[in-house]
Each structure stands twice: as C-alpha cells, then as structure tokens.
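Fold and geometry: a report
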Amino acid sequence: MSEEEKAKIEKAQRADTDRIFTLPNMLSFFRLLLIPLIVFLYDRGQYWGAFGVLVLSGATDVIDGWIARTFHLVSDFGKAIDPIADKLTQIAVLLCLMPMKYWWVVGILVFKEISIGILTLLALHRTHKVYSAGWYGKLCTVVIYLSMVTLILWEVVIGSPVPSWFVLIDAIVISALVLLSFVKYFLYFTRILRDARAKETRENS
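Here we summarise the structure given alongside this text. Sequence order sets the numbering: in each chain, residues are counted from 1 along the sequence as written. Since the coordinates come from a predicted model, pLDDT governs what is reported: local features require at least 70, and pairs of side-chain atoms require 80 or more to be given and counted, while whole-chain, interface and lining totals use all residues. Excluding hydrogens and water, the side-chain figures rest on all heavy atoms present in the structure.

The contact between helix α4 (residues 76-97) and helix α5 (residues 103-127) brings their axes to 10 Å, and the two run at 165°. Between α4 and α5, the angle is such that the two are roughly antiparallel. The handedness of the crossing between α4 and α5 comes out as left-handed. Contacts from Lys-87, Gln-90, Ile-91, Leu-94 and Leu-95 of α4 reach α5 at Val-106, Leu-109, Val-110, Lys-112 and Glu-113. Residue classes follow a fixed rule: Ala, Val, Leu, Ile, Met, Phe, Trp, Tyr, Cys and Pro count as nonpolar, while Asp, Glu, Lys and Arg count as charged, and any other residue, Gly among them, counts as polar. Here the residues of the contact of α4 with α5 sort into six nonpolar, one polar and three charged. Lines fitted to C-alpha atoms define the axes, with helix axes restricted to the stretch in contact, and inter-axis angles between N-to-C directions lie between 0 and 180 degrees. Helix numbering and strand numbering both begin at the N terminus, where a helix is a DSSP run of H or I of at least 4 residues and a strand a DSSP run of E of at least 2. Here the word oblique covers every angle except those under 35 degrees (roughly parallel), over 145 (roughly antiparallel) and from 65 to 115 (roughly perpendicular). Here a crossing is called left-handed whenever its near helix is offset anticlockwise from the far helix by less than a right angle, and right-handed whenever the offset is clockwise. Residue contacts are counted whenever heavy atoms from the two residues lie within 4.5 Å of one another.

For this analysis, a ring pair means two rings from Phe, Tyr or Trp (six-membered ring only for Trp) whose centres lie within 6.5 Å, classed as stacked if their planes differ by under 30 degrees, edge-to-face if by over 60, and tilted for the remaining angles. Counted by the stated rule, this structure contains twelve aromatic pairs. Ring centres of Trp-48 and Phe-51 lie 5.8 Å apart, and the angle between their planes is 85°; on these two criteria the pair is classed as edge-to-face. Of this pair, Trp-48 and Phe-51 are both found in helix α3 (residues 47-70), three residues apart, which corresponds to roughly one turn of the helix. For Trp-48, a relative accessible area of 51% translates into the label exposed. For every residue, the accessible area obtained with a 1.4 Å probe (protein chains only) is divided by the maximum for its type, and the residue is called buried under 20%, exposed over 50%, and partly exposed between those limits.

To continue, consider α3. If you check α3, its first and last C-alpha atoms are 34 Å apart, about what 24 residues at 1.5 Å a residue would give, namely 34 Å. All of the buried residues along α3 are Ala-50, Val-53, Leu-54, Ser-57, Thr-60, Asp-61, Asp-64, Gly-65, Ile-67 and Ala-68. Considering only its buried residues, α3 is in contact with α2 (23-43), α4 and α6 (135-158). Remark: His-72 follows α3 within two positions and exhibits a positive phi of approximately 55°. What a helix should span is 1.5 Å times the count of its residues minus one.

Residues spaced three or four apart along an α-helix face the same direction, because each turn holds 3.6 residues. Helix length check: α2, at 21 residues, gives a terminal C-alpha distance of 31 Å against a target of 30 Å (1.5 Å per residue), a fit within 8%. Values of bend correspond, residue by residue, to the angle between axes fitted over the seven residues ending at that residue and the seven starting there. At Leu-34, α2 shows its maximal kink, close to 25°; a proline, Pro-36, follows between one and four residues later. When we look at burial in α2, the residues that qualify are Pro-24, Asn-25, Leu-27, Ser-28, Arg-31, Leu-34, Ile-35, Ile-38 and Leu-41. Taken together, the buried residues of α2 touch α3 and α4. One or two residues past the end of α2 sits Gly-45, with phi positive at roughly 80°.

Counting through the fold element by element, Lys-87 comes out in helix α4. Excluding anything up to four places from it in sequence, Lys-87 contacts Lys-112, Glu-113 and Thr-141.

Next up on the list: the pattern of salt bridges. Any carboxyl oxygen of Asp or Glu within 4 Å of a side-chain nitrogen of Lys or Arg constitutes a salt bridge here. Going through the model one piece at a time under the given rule, you end up with six salt bridges. For Asp-61, the salt bridge identified is with Arg-31, shortest N-O distance 3.5 Å. With a gap of 30 residues between them, Asp-61 in helix α3 and Arg-31 in helix α2 connect regions that are remote in the sequence. Its salt-bridge partner being Lys-87, residue Glu-113 comes within 3.8 Å of it at the nearest N-O pair. Taken together, the residues Glu-113 in helix α5 and Lys-87 in helix α4 connect sequence positions 26 residues apart. Where salt bridges share partners, they join Arg-31, Asp-61, Asp-64, Asp-82 and Asp-86 into one cluster.

Written out as structure tokens, the structure reads:
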C-alpha cells in the first residue's frame, strides 16, 4: 500500500470519527431535550407521564448505541455527548425525587462526573482517543435508572408515599456505586495518563 493510499484511509477514518450530525448523536440531543419535560411532568404530579418520558429517554440511549455500532456511525463526539445526556438526566431527575436532606447523593454524583470528566479530557489531550464507559459505569447507570423508576411510580402503584427507610437505603446504594465507579475510573485514567507520559519521555529521550 502506497503512502498516498494510507493517507487517504487515515483521512477517511478521521472524518468518520469526527462526525457530529449523525442519527445516534441526534438521539443524544433528543434525550437532552427530554430532561425538562420529565421534570415538568413530575412537578405537575403526572407520574405516569414522567415515567413514560424517562423510559423513552432510556430506550433512545440503547437505540443510538445500537445504530452507531451496527451502521458504523460511532464518532468521538457521540462518545462524549452520550454520557453527558445520561448524567444530566440522572442529576435532574434525582434532584426532583430525593428529599433535600439527601442532597449529598447528587453532590457525590456531580463530584464524580466533574472529576472523571477532567481526567477524560486530559486523557483525550494526551492520547487523542475518546474512551467508552466501563462495566462499573454501566452498572451504576442501570441502578440509578431503576431507582428513579421506583421512586417515580411508588406512590401511584403502592398507594402510599415512599418510606423514609427505603429512600435512605436507596441513597446509600447509589452513593456506594457512584464512589466505586469513581475509584475505578480514577485508577483507569491515571494509568492511561501515566503510560502516555512514559511514552512521551521515551520518544523525547
């Protein structure tokens, strides 16, 4: 293969990963637009409506990932906007569902996302790669979504307010999983940054 052909392939690959206006990315933008609707419906006491929109948000999350992988529409922008849409949804809905005395749950989640977001940007700057979520991040997301669904529908299904003991246990479980995810991501990205720094040192020596 000639150098010219290699250059064309590399250019095509860069163009493929730099795309913004793809169907998966549009679905991620759509999920961002659903956040205020979920909050509005929940605030009006329309719990089934809020639940339905939350399910729609989760479904588009699954669908956009499937489309991206199946039709080779994976992009660096998509890898960034997809988790942002997820986390903003989680933060907004948990703020609605958790009593104010459990503010620390959302605080831990925000701290984790900001910290790991900074490490992700540093890794992107050093390696020019966008990294996907690990299993611990996905587990945390699944548990948070199950928690949100339970808290939204508890009163309309059970017929009584959510017990304080359940909210406390739920808050502890979510916080523990978020902290586990934080530790795992922190170790993961610090290793990436350490390897990148070692590689740069070898290349400059």
